[in-house]
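# Commentary on secondary and tertiary structure
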Amino acid sequence: MHNRKILVVGYGSLLSGYGLLAERRGGASRLVARDVIPISIHNARRGLAKPSSHGKYLAMDIEPVDRALPIRASSAAGDGGIGGLLLTFDRECAPLIARREEYDPDAFVRLIGIADRAGLPLGEFLMEIARGTNFDLLAYRIALRTMLDYTSPGYIFHPIEIDGGRIAIIAIGSGFDGSGDSKVVSRRQQYKMDRLLTLDQSIRTELPGFDRAGQIGYYAECVLGGLHGVDVDDLATQLDDKAEWARELAAHLGPIASGERERFLEATSIDAVQYGERFSRQRAASLLALLKLAGVV
């Protein structure tokens, strides 16, 4: 069996132990990985765009800077890009991963089975499809929909190559340009989210029943990854410490930051020695300013 393990790139709420363990939601959609390494994601930008399946707020999405080229990642430190995590999950976690990303669990398990029968790890199998579409996001989703007879209005699993030849999967929002099936309206299309938003911009959207506290709490899960040296400067530099929402974010961040290291070790199954070897204590100036506002430093 080629898919005993599933490699997943996290770039949003999967950046922190608090987010992985879904503590803000009382443990619903909790995920525990078997291993983790920090990575840099290239040819990519991220922001809030995909209406969350867990509440009335926007979740993080990622898009290629150059749409003619694939998003890729590197485990080399300090080589630019945006910060992420390469997470290793046991195959048994597949339904939980799918449910977290608003993807049908049975369809995801079926997809892994198809990759098994093709004699390929899931990432490599999906990469063959992506190459066949010249990495066009919509064409890829159409091809996947044709093969599986399924697509999601939420996130779609795309392949992402990591240096060293490994290929992981990354959840990219079912796009504003389509889900791969004209009968399935993507969440971004449904709510007219045609671009990635900052936290400030998301708060000023007119999302029906918008949950401001949920939005700020979700964003805290993402920027909390910066405590582990993961580069979240692209998220933290947007912050204005004089704005009310920035103070709300800091107020939310302070209490959860204190136990983050322990949660992260639990959520990734690594020990303190491995953590010290892999993760940096260096933090971007923008994140330090937010932590200072939160009273953490």
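Details of the structure are given in the entry above.
The notes below deal with the structure included here. These figures come from a predicted structure and were not determined experimentally.

## Details of the sheet that holds strand β8 (residues 167–173)
- The sheet built from six strands closes into a barrel, its strands ordered β1-β6-β2-β5-β7-β8 with mixed pairing. Averaged over neighbouring strand pairs, the angle between their axes works out to 40° when direction is ignored.
- Where strand β1 (residues 5–10) and strand β6 (residues 82–90) come together, six bridges link them in antiparallel fashion. Opposite Leu7, over in β6, you have Thr88 as the bridge partner.
- Here helix α5 (residues 137–148) sits on the sheet in contact with β7 (155–162) and β8, set at roughly 115° to β7.

## Here's the deal with the nonpolar core
- Membership of the largest hydrophobic core comes to 97 residues, with the highest contact counts inside it found for Ile41, Tyr103 and Phe108.
- Per element, the largest residue contribution to this core is seven residues, and it comes from helix α10 (residues 244–257).
- For Phe108, the residues in contact, after removing those within four places along its chain, are Ala94, Ile97, Ala98, Tyr103, Leu122, Phe157 and Ile169.

## Digging into the pairing of β6
- With nine of nine residues buried, β6 lies mostly within the body of the structure.
- Pairing of strand β2 (residues 35–42) with β6, which is carried by seven bridges, proceeds in the antiparallel orientation. From the neighbouring strand, Ser40 faces β6, where its bridge partner is Gly83.

## Observations regarding unusual backbone geometry
- Phi angles above zero are rare outside glycine, and Phe135 is one such case at about 65°.
- Of note, Phe135 is situated in the loop between α4 (122–132) and α5.
- Here the phi dihedral of Ser269 falls at roughly 65°; this positive angle occurs in a residue that is not glycine.
- Relative to the helices and strands, Ser269 resides in the loop between α11 (260–268) and α12 (272–278).
- On the basis of relative accessible area, Ser269 is assigned to the partly exposed category, the value being 29%.

## Quick notes on the packing of α4 against α5
- At a minimum axis distance of 9 Å, the contact between α4 and α5 shows a crossing angle of 120°. Compared by their axis directions, α4 and α5 come out oblique. The hand of the α4/α5 crossing is right-handed. Residues Phe125, Leu126, Ile129 and Ala130 of α4 touch α5, and the partners they reach there are Tyr140, Ala143, Leu144 and Met147.
- Here the residues of the contact of α4 with α5 are counted per class, giving eight nonpolar, no polar and no charged.

## Considerations on the packing of aromatic side chains
- The tally for this structure, following the rule as stated, stands at eight aromatic pairs.
- Both rings, one in Phe264 and one in Phe279, keep their centres 5.2 Å apart while their planes meet at 85°; by these two values the pair is edge-to-face. Taken together, the residues Phe264 in helix α11 and Phe279 in the loop between α12 and α13 (285–294) connect sequence positions 15 residues apart.
- Every member of this aromatic cluster is reached through a ring pair, and the members are Tyr103, Phe108, Tyr150 and Phe157.

## Quick word on the pattern of salt bridges
- Enumeration according to the criterion identifies 20 salt bridges in this entry.
- Arg24 is the salt-bridge partner of Glu221, the closest N and O atoms lying 2.6 Å from each other. You can see Glu221 sitting in helix α8 (residues 212–223) and its partner Arg24 sitting in the loop between α1 (17–20) and β2, a full 197 residues away along the chain.
- Exposure remark for Glu221: the relative accessible area of 0% places this residue in the buried category.
- For the salt bridge of Asp116 with Arg91, the shortest nitrogen-to-oxygen distance reads 2.6 Å. One end of the pair, Asp116, is in helix α3 (residues 105–117); the other, Arg91, is in the loop between β6 and α2 (94–100), and 25 residues separate them in sequence.
- Through salt bridges with shared partners, a single network forms among Arg45, Asp61, Glu63 and Arg188.

Reading guide: rules and limits
- Residues numbered from 1 in each chain as written.
- Predicted model: local features only at pLDDT ≥ 70, side-chain atom pairs only at ≥ 80, totals over all residues.
- Heavy atoms only, no water.
- Pairing = 2+ DSSP bridges.
- Helix = DSSP H or I, 4+ residues; strand = E, 2+ residues; numbered from the N terminus.
- Axes fitted to C-alpha atoms, helices over the stretch in contact; angles between N-to-C directions.
- Contact = heavy atoms within 4.5 Å.
- Core = buried A, V, L, I, M, F, W, Y, C linked by side-chain atoms within 4.5 Å.
- Buried < 20%, exposed > 50% of the residue type's maximum accessible area, 1.4 Å probe, protein only.
- Parallel < 35°, antiparallel > 145°, perpendicular 65-115°, else oblique.
- Left-handed = near helix turned anticlockwise from the far one by under 90°.
- Nonpolar A, V, L, I, M, F, W, Y, C, P; charged D, E, K, R; others polar.
- Phe/Tyr/Trp six-rings, centres within 6.5 Å; stacked < 30°, edge-to-face > 60°.
- Salt bridge = Lys/Arg side-chain N within 4 Å of Asp/Glu carboxyl O.

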